[in-house]
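# Summary of structural features
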Amino acid sequence: MDKPTAQEILLRYRPGTSDAQDPEVQEALTFAAGDPELSQWLERQLATASMVRGALRSIPVPAGLQQSILDGQRLQERQSFKPRVWVRLAIAASVLLLGTLLALQFNRPNYSSFPDFRDRMVRTARRSYRMDMLSADMGQIRAYLAQKKAYEDFALPHCLQQLPGVGCAILRWHDRPVSLVCLDSPEHTTLYLFVTARSHLSKEPGSTIPEIENISSYGTASWSDDSKTYVLASADPGVLKRLRL
Amino acid sequence: MDTLDFEQLVAQYHEPLFRFAYSLAQTEVEARELTQQTFYLWAAKGHQLRDLSKVKTWLFTTLHREYLGGKRRQVRFPHFELEEVEVELPVQAPPGSYRLDGVTVREALAQIDELYRVPLALFYLEDYSYNEIAEILQVPLGTIKSRISRGMAMLQELFGADRTTAARKVANG
């Protein structure tokens, strides 16, 4: 064994592990023991390795990560189901049909009317969908949406400002972005807040006073501010009333 | 796997997985996403794993695949696969008494090409064997060994440069 070979092997030597049982490593260690210069080099190398190990193992783990993983999994379990093959085929056929209808609908002049938008968003809340990010922290949710260039500068009514988040997703509506922010109501019912640009819609709510309406058994509250239109939906229509929007 | 098992799994592995994810993505937001997504994939597909002693390897492999998949979706770039890398050993290495804090070491790690950083992270974070790292990264054993050696050599070079800078600062008062 020559010196460069010994160094190459000892660059990946981890004392206290099974590395020392490797004949190749044993030979390199014996070689180093007989070479004072290489011994000194090995000492420095082990110090460097120790620093790397310590640095990696001290990467701070965010507080609450464990809980947000568990919360997210429970949410997905509630919203997911495992259909049989024939059901999957029926869903695939329905999706194809829906896609065709949507493609036809796309050319209609009123495709971006607010009622259509609200109906579609409620359907999104009703079916299984995937959250892009899970967090109870509204700051983190806004930061994530900003990073993904989605609407994050939305203004929440006072009664929603105190609620913890659940997570968020970025949706598309006629190729335009929609931010979906999920909140946990005081009764632990998920609230779905859809935010999009007001300019993308016609017949949108004209004021900041929420308009309450039930859509497909879901309660919805809709309002607009200067630049954005909001739809808040809940599976329990009573929750929206009790929130006193 | 029932809820209790899932909770135990999360409790046991969310920290090392997050640290591995952070060493890949270098941002907390992405590392969180990768860690969460890995556990959700386990919840959906973990039952397909027959050998439960492989759970940890499965989690690390899946996280790495998710990371690579995310990168492919974000940017298309040429992929360089270096089969064997000639190890260029540093002439000077920092003395044993010279210590760097964790943040500085992680910054140095971040400067190293991902090709070398990822096996190094698995090597020191979890004391994985070469075989296990090769299985997780789907790379030949010899390549793993050379990448770890090369990565360590690069780090020593970086630490040597840092030491010189620090010494200059002291000299300049």
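Okay, so let's go over this structure. All of these numbers come straight from a predicted model, not from anything done at the bench.

## So, the overall build of chain B
Across its full length, chain B holds seven helices and zero strands. Starting at the N terminus and walking to the C terminus, you meet the elements of chain B as α-α-α-α-α-α-α. A burial count over chain B gives 38% of its 173 residues as buried.

## Let's talk about the overall build of chain A
Per the secondary structure count, chain A includes nine helices and seven strands. Among the 245 residues that make up chain A, the fraction classed as buried is 29%. Within chain A, contacts between residues separated by at least 24 positions form 56% of all contacts whose residues are at least 6 apart in sequence.

## Side note on the nonpolar core
With 57 residues, the main nonpolar core has Leu10 and Val52 of chain A together with Phe20, Ala21, Leu63, Ala121 and Leu122 of chain B as its most contacted residues. Listed in part, the 32 residues of the second largest apolar core include Leu134, Ala150, Val181 and Leu201 of chain A.

## Focus: the pairing of strand 2 (residues 165-173) of chain A
Residues and elements named next belong to chain A. Here two bridges tie strand 1 (residues 133-134) to strand 2, and the two strands are oriented antiparallel to one another. Considered in strand 2, the bridge of Met133 is made with Cys168. One ladder, built from eight bridges, connects strand 2 with strand 3 (residues 176-184); its direction is antiparallel. When the sheet's bridge partners are listed, Arg172 is paired in strand 3 with Pro177.

## Description of the interface of chain B and chain A
Between chain B and chain A, the residue contacts involve 43 residues of the former and 35 residues of the latter. The set of elements that each furnish at least two residues to the side of chain B that touches chain A consists of helix 1 (3-25), helix 2 (28-45), helix 4 (102-111), helix 5 (114-125) and helix 7 (141-171) of chain B. For the side of chain B that touches chain A, the per-class residue count stands at 25 nonpolar, eight polar and 10 charged.

## Thoughts on helix 6 (residues 114-126) of chain A
Residues and elements named next belong to chain A. End to end, helix 6 covers 18 Å across 13 residues, agreeing with the expected 18 Å (1.5 Å per residue, within 8%). Buried within helix 6 are the following residues: Phe114, Phe117, Arg118, Met121, Val122 and Ala125. Buried residues in helix 6, looked at end-on, bunch into an arc of 130 degrees, giving them a common side.

## Some details on the sheet that holds strand 7 (residues 228-234) of chain A
Residues and elements named next belong to chain A. The strand order across the open sheet built from seven strands is 1-2-3-4-7-6-5, with neighbouring strands paired in antiparallel fashion. Strands at the two margins of the open sheet, each flanked by one partner only, are strand 1 and strand 5 (211-215). Judged from the six bridges that link them, strand 6 (residues 218-224) and strand 7 form a sheet pairing that is antiparallel. Bridging across to strand 7, Gly219 finds its partner in Ser234.

## Thoughts on unusual backbone geometry
Residues and elements named next belong to chain A. Phi is positive for Asp175, close to 65 degrees, though the residue is something other than glycine. Inspection of the secondary structure assignment puts Asp175 in the loop between strand 2 and strand 3. The class for Asp175 is exposed, based on 7 C-beta atoms found within 10 Å. Its identity as a non-glycine residue notwithstanding, Ser216 has a phi of 50 degrees, on the positive side. Its place among the elements puts Ser216 in the loop between strand 5 and strand 6. Judged by local crowding, Ser216 falls into the exposed class, with 11 C-beta atoms found within 10 Å.

## Quick word on the packing of helix 3 (residues 36-57) of chain A against helix 5 of chain B
Direction vectors running N to C along helix 3 of chain A and helix 5 of chain B enclose 90 degrees, while the axes themselves pass 9 Å from each other. With respect to helix 5 of chain B, the axis of helix 3 of chain A lies roughly perpendicular. Of the residues in helix 5 of chain B, those in contact with Val52, Arg53, Leu56 and Arg57 of chain A of helix 3 of chain A are Ala121, Tyr124 and Leu125 of chain B. Its residues assigned to classes, the contact of helix 3 of chain A with helix 5 of chain B shows five nonpolar, no polar and two charged.

## Concerning the pairing of strand 7 of chain A
Residue and element names in this part refer to chain A. Of all seven residues in strand 7, six are buried; the element is thus mostly enclosed. Bridge count between strand 4 (residues 190-197) and strand 7: seven bridges; the pairing is antiparallel. Counted as the bridge partner of Phe194 is Val231 from strand 7. Hairpin connection of strand 6 to strand 7: three residues between the antiparallel strands.

## A few points about the packing of helix 1 (residues 3-10) of chain A against helix 2 (residues 23-33) of chain A
All names here are of chain A. Look at helix 1 against helix 2: their axes get within 9 Å of each other, and the N-to-C directions meet at 120 degrees. One element, helix 1, and the other, helix 2, form an angle in the oblique class. Seen along the crossing, helix 1 lies across helix 2 with a hand that is left-handed. Every residue of helix 2 that contacts helix 1 at Ala6, Ile9 and Leu10 is listed here: Glu24, Val25, Ala28, Phe31 and Ala32. Classifying every residue of the contact of helix 1 with helix 2 by side-chain character gives seven nonpolar, no polar and one charged.

About the thresholds
Residues numbered from 1 in each chain as written. Chains lettered and ligands numbered in written order. Predicted model: local features only at pLDDT ≥ 70, side-chain atom pairs only at ≥ 80, totals over all residues. Helix = DSSP H or I, 4+ residues; strand = E, 2+ residues; numbered from the N terminus. Buried ≥ 20, exposed ≤ 12 C-beta atoms within 10 Å, placed from the backbone. Contact = placed C-beta atoms within 7 Å. Core = buried A, V, L, I, M, F, W, Y, C linked by C-beta atoms within 7 Å. Pairing = 2+ DSSP bridges. Nonpolar A, V, L, I, M, F, W, Y, C, P; charged D, E, K, R; others polar. Expected span 1.5 Å × (residues − 1). Arc of directions from axis to C-beta. Axes fitted to C-alpha atoms, helices over the stretch in contact; angles between N-to-C directions. Parallel < 35°, antiparallel > 145°, perpendicular 65-115°, else oblique. Left-handed = near helix turned anticlockwise from the far one by under 90°.

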